[in-house]
Amino acid sequence: MIRTLIVDDDALVRAGLRLMLAGAPDIEVVGEVVDGSLVADAVAEHRPDVVLMDIRMPVMDGIAATRALRGGTQTSAQPGEPAGADADSGAAPEVEAPQVIVLTTFGGDETILGALQAGASGYLLKHTPPEEIVDAVRRTAHGDPVLSPDVMKVLIDRATAESVPGAAAAAPVGSSRADQAVARLSVLSNRERDVASAVAQGLSNTEIAEQMYLSMGTVKSHISSALTKLDFTNRIQLALLAYEAER
């Protein structure tokens, strides 16, 4: 069961999302909060796998809440114990922070980049069809970040309008953006580059595994290794770099 937390200051939006997700047998809405400032406590209490996060909220916006959530270590409490307590040592065991999907009406490039840089694993616009939102929760819970097509277009337009971050040092002066991206990817193994290319095509880990006849664990290992070598924090950055290299 995929435990999901809804964060939105609009009661109608929260009700709609809860109703939508209730129809999925493998997803459970474990809580709702109305502001980003309440997310940390809600996560400690409910321990969700995925957080659906709005951007504009009264006290703390979704980007700041995502940064606080993904940038710090969460603690878990056993049922019946207060969050943050451990029976033996007095300290709660550390658990991985939940994945965050930003779900908003705002699709500007600075907002999108801000959310992704804060650690969001996905970015969807609120006009996204219900079945795609449900699928996004499933995919994100299994390590496959998702973006609305409109969002991916904004990121691609932004990427093609700028040089590839960190690539200049790896390519000769005067090189094109594509050459810079190719030079940056040269630190990867052949298989890691193949996986990066598949990520740029929007394939999920499952689809990459099937296409390349690899195990899911091997795909995740290649992606993790590529992110480390490139000093990236998420696969969306990897996708943009690989896309630029293939232009």
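Nothing here was measured: the structure is a model prediction, and the numbers come from that model. (Residues numbered from 1 in each chain as written. Predicted model: local features only at pLDDT ≥ 70, side-chain atom pairs only at ≥ 80, totals over all residues. Heavy atoms only, no water.)

Caption draft 1: Structural detail: the nonpolar core. Formed by 22 residues in total, the largest nonpolar core has its most connected members in Ile208, Leu230 and Leu238. Breaking this core down by element, the ones donating at least two residues are helix H7 (177-185), helix H8 (190-200), helix H9 (205-212), helix H10 (216-230) and helix H11 (235-245). When sequence neighbours within four positions are dropped, the list of residues in contact with Leu238 reads Ala196, Ala226, Leu227, Leu230 and Phe232. (Core = buried A, V, L, I, M, F, W, Y, C linked by side-chain atoms within 4.5 Å. Buried < 20%, exposed > 50% of the residue type's maximum accessible area, 1.4 Å probe, protein only. Helix = DSSP H or I, 4+ residues; strand = E, 2+ residues; numbered from the N terminus. Contact = heavy atoms within 4.5 Å.)

Caption draft 2: Fine view of the pairing of strand S3 (residues 50-53). What you see with S3 is no split at all: Val50 and Leu52 on one side and Val51 and Met53 on the other are buried throughout. Bridging between strand S1 (residues 2-7) and S3 involves 4 bridges; their strand directions are parallel. Among the inter-strand pairings, Leu5 is bridged to a residue of S3, identified as Val51. Here 4 bridges tie S3 to strand S6 (residues 99-104), and the two strands are oriented parallel to one another. The residue bridging Val50 from the neighbouring strand is Gln99, located in S6. (Pairing = 2+ DSSP bridges.)

Caption draft 3: A look at the packing of H7 against H11. Put simply, H7 and H11 touch, their axes get as near as 7 Å, and they point 125 degrees apart. Taken together, the axis directions place H7 and H11 in an arrangement best described as oblique. For the crossing formed where H7 meets H11, the hand is left-handed. Here Arg177, Ala178, Ala181, Val182, Arg184 and Leu185 of H7 lie close against H11, whose contacting residues are Leu241, Ala242, Glu244 and Ala245. (Axes fitted to C-alpha atoms, helices over the stretch in contact; angles between N-to-C directions. Parallel < 35°, antiparallel > 145°, perpendicular 65-115°, else oblique. Left-handed = near helix turned anticlockwise from the far one by under 90°.)

Caption draft 4: Representation of the packing of aromatic side chains in the model. All told, the structure shown has 0 aromatic pairs when counted by the stated rule. Lying across the ring of Phe106, Arg56 places its NZ or CZ 4.1 Å from the centre. (Phe/Tyr/Trp six-rings, centres within 6.5 Å; stacked < 30°, edge-to-face > 60°. Lys NZ or Arg CZ within 6 Å of the ring centre and 35° of its normal.)

Caption draft 5: Up close: the sheet that holds strand S8 (residues 146-147). Taken in spatial order, the 6 strands make up an open sheet running S2-S1-S3-S6-S7-S8, and their pairing is parallel. Two strands lie at the open edges of the sheet, namely strand S2 (27-33) and S8, each paired on one side alone. Packed on one face of the sheet, helix H1 (residues 11-22) meets S1, S2, S3 and S6 and runs near 165 degrees to S2.

Caption draft 6: Inspection of H10 at higher detail. Taking 1.5 Å as the rise per residue, H10 with 15 residues should run 21 Å; its terminal C-alpha atoms sit 21 Å apart, in good agreement. Buried within H10 we find Val219, His222, Ile223, Ala226, Leu227 and Leu230. Projection of H10 onto a plane perpendicular to its axis shows the buried side chains occupying an angular sector of 130 degrees, all on one side. Looking at the buried residues of H10, the elements they touch are H7, H8, H9 and H11. The first or second residue beyond H10 is Asp231, which carries a positive phi of 60 degrees. (Expected span 1.5 Å × (residues − 1). Arc of directions from axis to C-beta.)

Caption draft 7: Main features of the confidence of the model for the protein chain. Overall, the predicted model of the protein chain reaches an average pLDDT of 83, with 83% of residues at or above 70. Predicted confidence in the protein chain is weakest over strand S4 (residues 74-75), with a mean pLDDT of 44, and strongest over S1, with 98. Scored below 50 in pLDDT, residues 73-93 shows 35 contacts in the model against residues more than four places distant or in partner chains. (pLDDT = per-residue confidence, 0-100.)

Caption draft 8: Expanded view of the environment of Ala24. Its location among the elements puts Ala24 in the loop between H1 and S2. Considered as a pair, Ala24 and Glu131 are 107 residues apart in the sequence and their alpha carbons are 9.5 Å apart. Aside from chain neighbours lying at most four places away, what touches Ala24 is Val134 and Arg138.

Caption draft 9: Spatial organisation of the environment of Ala242. Turning to its location among the elements, Ala242 is positioned in helix H11. Along the primary structure Ala242 and Asp194 are separated by 48 residues, whereas in three dimensions their C-alpha atoms are 9.4 Å apart.

Caption draft 10: A look at helix H5 (residues 130-141). Here H5 contains 12 residues, and its C-alpha end-to-end distance of 17 Å stays within 8% of the 16 Å for a straight helix at 1.5 Å per residue. Taken as a whole, H5 has its buried residues at Ile133, Val134, Ala136, Val137 and Thr140. The buried side chains of H5 occupy one side of the element, clustering within an arc of 155 degrees when seen end-on. Positive backbone phi, at 90 degrees, marks Gly143, one or two positions downstream of H5.

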